[in-house]
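Structural description and commentary
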Amino acid sequence: KKAKARQALLVDLSSNAQTFLRYRDNNMLFTYKPGDLEPSKVRLALLGALRFGKPLVLDNGDLDLNWQQLAGAFDAVLPGLWDMVWGCSINEEDNWLKIVQPSDGENFKEQAFSRHCLDAFQFILVTKHPQVPPDFADHFFLITTA
């Protein structure tokens, strides 16, 4: 039986991984930056990552991980979106299509998305906080760097 996929929660105690990710080809949002968790910014970052097969990296810095805060930010875009992202189902069926808006232009029409890029999508949550709350530990694949 195939194991259920999990998204990555990177506990980055040294900030080296965060620095590495910052300079990679990904879409990166920061929970501690004003405006980065606004629905339009979250939607466009996620949409671009899905469209071009890139990781969406959400850097939580040294703040406590807050499930309700993150769920609220994603669910403000589309109810249930947070569950689809951490649950690895955003790129299945037409879930991703639910966040596309007519104003997004030709690059984001349904036919512009390829299965290859949708399958390459990853969500990576980064924290410097060494204590991971149980709700995150239960739903993410934990990776710790020193």
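Now for a quick tour of the structure. Note that this is a predicted model, so its numbers are computed, not measured. (Residues numbered from 1 in each chain as written. Predicted model: local features only at pLDDT ≥ 70, side-chain atom pairs only at ≥ 80, totals over all residues. Heavy atoms only, no water.)

1. Describing the overall build of the chain
Across its full length, the chain holds six helices and five strands. Over its C-alpha trace the chain gives a radius of gyration of 15 Å, about what one expects of a compact globule, namely 15 Å for 146 residues. Based on the C-alpha atoms only, the size of the chain along its principal axes is roughly 45 × 40 × 30 Å. Evaluated residue by residue, the chain yields a buried proportion of 48% over its 146 residues. (Helix = DSSP H or I, 4+ residues; strand = E, 2+ residues; numbered from the N terminus. Rg over C-alpha atoms; globule rule 2.2 N^0.38 Å. Buried < 20%, exposed > 50% of the residue type's maximum accessible area, 1.4 Å probe, protein only.)

2. Examining helix H2 (residues 39-52)
Helix length check: H2 (14 residues) gives 20 Å between terminal C-alpha atoms against 20 Å at 1.5 Å per residue, within 8%. Burial in H2 covers these residues: Val42, Arg43, Ala45, Leu46, Leu47, Gly48, Ala49, Leu50 and Arg51. At its buried positions, H2 is contacted by strand E2 (27-30), strand E3 (55-59), helix H3 (67-75), helix H4 (81-86) and helix H5 (115-120). With its phi angle positive at about 65°, Gly53 sits one or two positions after the end of H2. (Expected span 1.5 Å × (residues − 1). Contact = heavy atoms within 4.5 Å.)

3. Concerning the packing of aromatic side chains
Tallying each qualifying case throughout the model produces 14 aromatic pairs. Aromatic side chains Trp67 and Phe140 sit 6.4 Å apart centroid to centroid with 75° between the ring planes, which places their arrangement in the edge-to-face category. With Trp67 in helix H3 and Phe140 in strand E5 (residues 140-145), the pair connects residues that are 73 residues apart, well separated along the chain. Ring centres of Phe74 and Phe123 lie 6.0 Å apart, and the angle between their planes is 85°; this geometry places the pair in the edge-to-face category. Placement of the pair is Phe74 in helix H3 and Phe123 in strand E4 (residues 122-127), with a sequence separation of 49 residues. Taken together, the aromatic side chains of Trp67, Phe74, Trp82, Trp86, Phe123, Phe136 and Phe140 make up a single cluster linked through ring pairs. (Phe/Tyr/Trp six-rings, centres within 6.5 Å; stacked < 30°, edge-to-face > 60°.)

4. Here we look at unusual backbone geometry
Positive phi outside glycine occurs at Ser15, with the angle close to 75°. Structurally, Ser15 is set in the loop between strand E1 (7-12) and helix H1 (16-22). Take Ser15: its relative accessible area is 18%, and that puts it in the buried class. Backbone geometry places Glu93, a non-glycine residue, at a positive phi of 45°. With respect to the secondary-structure elements, Glu93 resides in the loop between H4 and H5.

5. Quick word on the pairing of E2
Along any regular strand the residues' side chains alternate between the sheet's two faces. The side-chain alternation of E2 yields two buried faces, one formed by Asn27 and Leu29 and the other by Met28 and Phe30. Sheet topology places E2 next to E3; four bridges connect them, and they run parallel. Residue pairing for E3: Phe30 is matched across the bridge by Asp59. As for the winding sense of the linkage, the β-α-β connection from E2 through H2 to E3 is right-handed. (Pairing = 2+ DSSP bridges. Right-handed = clockwise from strand over helix to strand, strands pointing away.)

Everything listed here is a matter of geometry and, on its own, says nothing about what the molecule does.
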